[in-house]
Structure formats: structure tokens, C-alpha cells
Amino acid sequence: MADTVLYEVSDGLATITLNRPEAMNALNIATKVALREAVESAAADDAVRAVLLTAAGERAFCVGQDLKEHIGLLMEGSGEVMSTVKEHYNPVVRALTEAPKPVVAAVNGVAAGAGFGFALAADYRIVADTASFNTSFAGVALTADSGVSWTLPRVVGPGRATDLLLFPRSVKAQEAYELGIANRVVAADALRAEAEKVARALAEGPTVAYSALKEAVAYGLSHSLAQTLEKEDELQTRAGASEDHTIAVRAFVNKERPKYLGR
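Residues numbered from 1 in each chain as written. Predicted model: local features only at pLDDT ≥ 70, side-chain atom pairs only at ≥ 80, totals over all residues. Heavy atoms only, no water.

What to know about unusual backbone geometry
No. 1: The residue Ser 136 is not glycine, and still its phi comes out positive at about 70°.
No. 2: Not every positive phi belongs to a glycine, and Ala 141 is a case in point at roughly 60°.
No. 3: Relative to the helices and strands, Ala 141 is located in the loop between β8 (132–134) and α5 (148–156). (Helix = DSSP H or I, 4+ residues; strand = E, 2+ residues; numbered from the N terminus.)

So, the sheet that holds strand β7 (residues 124–128)
No. 1: Spatial strand order, β1-β2-β3-β5-β7-β10: 6 strands in an open sheet with mixed pairing. The strands lining the two open edges of the sheet, one partner per strand, are β1 (5–10) and β10 (184–186). Ignoring which end each strand starts from, the neighbouring axes of this sheet average 20° apart.
No. 2: Where β1 meets strand β2 (residues 13–18), 6 bridges bridge the pair, whose relative direction is antiparallel. Note that in β2 the partner of Val 9 across the bridge is Ala 14.
No. 3: Contacting β1, β2, β3 (50–55), β5 (103–107), β7 and β10, helix α8 (residues 191–203) runs over the sheet at an angle of about 165° to β3. (Pairing = 2+ DSSP bridges. Axes fitted to C-alpha atoms, helices over the stretch in contact; angles between N-to-C directions. Contact = heavy atoms within 4.5 Å.)

Thoughts on the side chain of Asn 108
No. 1: Within the secondary structure, Asn 108 sits in the loop between β5 and β6 (110–112).
No. 2: Polar contacts involving the side chain of Asn 108 include one to the main-chain carbonyl oxygen of Gly 57, which spans 2.8 Å.
No. 3: Every residue in contact with Asn 108, bar those within four places of it in the chain, is listed here: Ala 55, Ala 56, Gly 57, Glu 58, Ala 60, Phe 61, Ala 128, Thr 130, Ala 131 and Leu 191. (Polar contact = N/O pair within 3.5 Å; in protein donor to acceptor, adjacent residues only side chain to side chain.)

Considering the packing of helix α9 (residues 207–220) against helix α10 (residues 225–240)
No. 1: At their nearest, the axes of α9 and α10 sit 10 Å apart, and the two run at 170° to each other. Classed by the angle they form, the pair α9 and α10 counts as roughly antiparallel. For the pair formed by α9 and α10, the contact residues are Val 208, Ser 211, Ala 212, Glu 215, Ala 216, Tyr 219 and Gly 220 on the first element and Gln 227, Thr 228, Lys 231, Leu 235, Arg 238 and Ala 239 on the second.
No. 2: Class assignment for the residues of the contact of α9 with α10 results in 6 nonpolar, 4 polar and 3 charged. (Parallel < 35°, antiparallel > 145°, perpendicular 65-115°, else oblique. Nonpolar A, V, L, I, M, F, W, Y, C, P; charged D, E, K, R; others polar.)

Written out as C-alpha cells, the structure is:
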């Protein structure tokens, strides 16, 4: 895995760090390949019970596509210049959203374009008070990718999403919180510690239940109430059969703190 993306697993938590701070963590080919590999590894690893997606530096979480590399490929007339959506962005977003474990994004700075998309694909976003978000796509005559056309309307509503896509602008941390883009805003110097605290708490939690919750929410957004009630029955049966459920009930009765196994 390239050093433009750092990957570490510790006590059930996989930490994925975009590591091109000098380029505001822009996504060149090497970084996109490494990020895809890291996210897919974390999603598939049973030893990983939560994922923390973050970035190095103070200026940017990720400004999306590396346009310097992109313009070079365009000038070369490369027929594969836009294949990155299918080859890199889509697999990353699917791995984040479909992972049977919670994903926390620690947004330390600007999140634009695909960087915004990756943050939206996380289940929980902790945002530095100096951070901002920008769809950016229309600003370079492109349409949305990295799942933004699916995730953004579900977070802020279709009207606001259309406004942010047609008229790209910087959405500061406080407004992002008010819109629901940020789940929590913290001081920039406290971001990493707070994000790790939240992610580690999730890594120690009832993983089967978290997986079912992710699946239930995604399912309910695109199905009827009747269908969703059936899905809840299916998922609750699965969660109820987990060891973690037995541990939780026993701990509640005994007035103890449960120690989940993640199964």
C-alpha cells in the first residue's frame, strides 16, 4: 500500500489516514488505489469492528481529484481519464456504506468533491471547527460522483442538495452541523482525540447490532413501511441471536458493564 494512505489496525479499530498534506490530500492515482485497498481491507476484516477515516495535516481532509494529474491525462487524450469513478471512487463508497461495522470520518479541513463524498459515506462525521465542505463538481464542469447524488439529498434534503450542487460554495463547520452534514463539531486541536474516542467506543460495542442498524437505515430509505417492518423483523432476529445480545441482557440484569465480543 502506498505511503500516501496509512493503514493501521489496533484493538478492533482500523485507522485509514490520507497522507498527502502537501497536496491537501488530493486524490492522484496512487492514492486512489491505496485508499480503495485500505477501505476494502477494513470492510472485509472480521478483526476490524470500527473504522476511522481521517487525513494528515490541518488544511484539508481531501479536496477530491488531483486536478494537476487529471489535466495531464486529459492533454494526453487518455481514454481512461474518467474510469476512476468506476475503478476507485465507487468501490470506496460501497465499501464504506456497506461495511458491517460503523465508520467514523474525522474531517480536519476542506472536504471537497470526492473528499466530500467519502465523508458523507461514513456513518458519523466529527468535524473540526475550521473545516468546510464543498461539492465542487459543477465548478469544473462535472456532475456528482463518489455517491454524492445519493448521500447528500438523504442528509440535507433534495432541495438543499440541488442548491449545493448547482452553486458550489464553502459550507463552514457550523452550517454543516445545522444541515446535518456534521454530527459533531469540535475544536480543531481536539478533533483527533475526540474522533478516536468515539471510534474506539464503537469498536468495543455490539458489532452485530451496529451492522443491522446500518442495513436497516439504508433499506428503510428506499422501501415502504411494510417492507421495512419485515426487514426490521429479519434484522432483529439476527441481532437477538448474537452473543452480544446475551452479554448485554446478562450485564443489565447483573448491573454490570457489558464487554462485547463483536459477534
